[in-house]
Amino acid sequence: MNQDDANNQLSRAEVDFYVVNGYLGPYAAMTPAEMTPIRREIETRVLNSAGPNPRRPMQSRHMDNPAVYDLAAHPAIIDRIAGLLGPDIVVWTTNFWLKDPGGAEIPWHQDINFWPIEPPVNISAWIAIDKVTVENSCLQIIPGSHRQTVQHMRATADMAIHEMADPQAYDVSQAVNMELKPGEFFLFSERLLHTSSKNTSQKRRLGLSIRVTVPFVHIFQDSHLHPGHTAILAKGKDVMGFNRYGGRPNN
Ligand SMILES: O=C(O)CCC(=O)C(=O)O
């Protein structure tokens, strides 16, 4: 085992922490200096161009951009998730979260309320492309909230997504801010309650969510994903054959 492999192995205490709290991290996949050219590539070749999903330009850019593919398949992320989900690992989609100054609030929600996967098994890695602080709307999470499924209801018109968790179902005084340097990420469960406030600063906030599951999960191509969508078999093998995989794009 080389040093990197050893660093990406989760300890028993880290696994226990994830089980109890539904999140883990932050960890560094790379330094802020290493993230600088990747950020430039994303600014010039991803944010200003159409992606594979005609309705969601920020989604599944691992399919058309090699730098995004490399982030999604990064061993610092995938090997740690393998420490929780086992040796066969699928990145089923990716999504950029761009919040310019003035960008709208993402209300408290559990991701699984929105997703086309069955059974509902997922760990997300949210990796910071920009420096992300309370000032420019870092994610907030509620540790332990992944242990129950919460009812969702219609969100208000000023929010960036159409449904939100029932406000009676959680206690915001328990919220933790996930401030990250460029290249840092944290992991969280498909049921962990999370939010990000309106960006009232003058600083852009850009991050990438990498959605990770296992081969026995069906990825349905409903209205969330476009026809022709492909996932990444990031580690191990798929003996089930339900899902479609693509390789690293070469443009
Ligand atoms: O970046 C954000 O503000 C929201 C991210 C999010 O909801 C997610 O990654 O599931």
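See above for the structure.
All values derive from a computational prediction rather than experimental measurement.

Here the focus is the pattern of salt bridges. For the structure on display, the rule yields eleven salt bridges. Lys-181 is the partner of Glu-184 in a salt bridge, and the nearest nitrogen-oxygen pair spans 4.0 Å. Put simply, Glu-43, Asp-130 and Arg-204 are held in one network by salt bridges that share partners.

Now for the nonpolar core. Among the nonpolar cores identified, the biggest contains 35 residues, and Ile-42, Leu-71, Ile-127, Phe-185 and Ile-210 are the most heavily contacted of them. Among the elements that make up this core, the one with the highest residue count is helix α5 (residues 75-85) (five residues). Those residues within four positions of Phe-185 in sequence are excluded, and the remaining contacts are Pro-26, Tyr-27, Ala-28, Ala-29, Ala-76, Ile-77, Arg-80, Ala-125, Trp-126, Ile-127 and Leu-180. In terms of nonpolar packing, the next biggest core, distinct from the first, is built from twelve residues, Cys-138, Leu-139, Met-178 and Phe-186 among them.

Take the site of the ligand next. Taken together, Trp-97, Ile-106, His-109, Asp-111, Trp-126, Leu-139, Phe-188, His-194, Ser-196, Arg-205, Ser-209 and Arg-211 make up the full set of residues adjacent to the ligand. In the environment of the ligand, an oxygen atom lies 3.0 Å from a nitrogen or oxygen atom belonging to the side chain of Asp-111. Within the complex, the protein chains bury 100% of what would otherwise be the 290 Å² of accessible surface of the ligand. For the shell around the ligand, the elements supplying multiple residues, two or more each, are β3 (106-109), β11 (194-196) and β12 (205-213). Ranked by residues supplied to the shell around the ligand, first place goes to β12 with three residues. Here the residues of the shell around the ligand sort into five nonpolar, four polar and three charged.

So, about the sheet that holds β11. Strand order in the open sheet made by the four strands is β3-β11-β6-β9, with antiparallel pairing throughout. Two strands close off the open sheet at either side, each with one partner strand: β3 and β9 (176-178). Looking at each pair of strands side by side, their axes are set apart by 25° on average, direction ignored. One ladder, built from two bridges, connects strand β6 (residues 139-141) with β11; its direction is antiparallel. Pairing of Gln-140 across the sheet is with Thr-195, part of β11.

Thresholds applied
Residues numbered from 1 in each chain as written. Predicted model: local features only at pLDDT ≥ 70, side-chain atom pairs only at ≥ 80, totals over all residues. Heavy atoms only, no water. Salt bridge = Lys/Arg side-chain N within 4 Å of Asp/Glu carboxyl O. Core = buried A, V, L, I, M, F, W, Y, C linked by side-chain atoms within 4.5 Å. Buried < 20%, exposed > 50% of the residue type's maximum accessible area, 1.4 Å probe, protein only. Helix = DSSP H or I, 4+ residues; strand = E, 2+ residues; numbered from the N terminus. Contact = heavy atoms within 4.5 Å. Near = heavy atom within 4 Å. Polar contact = N/O pair within 3.5 Å; in protein donor to acceptor, adjacent residues only side chain to side chain. Areas by Shrake-Rupley, 256 points an atom, 1.4 Å probe, with all protein chains shown as cover. Nonpolar A, V, L, I, M, F, W, Y, C, P; charged D, E, K, R; others polar. Pairing = 2+ DSSP bridges. Axes fitted to C-alpha atoms, helices over the stretch in contact; angles between N-to-C directions.

Everything listed here is a matter of coordinates, which is why it stays silent on function.
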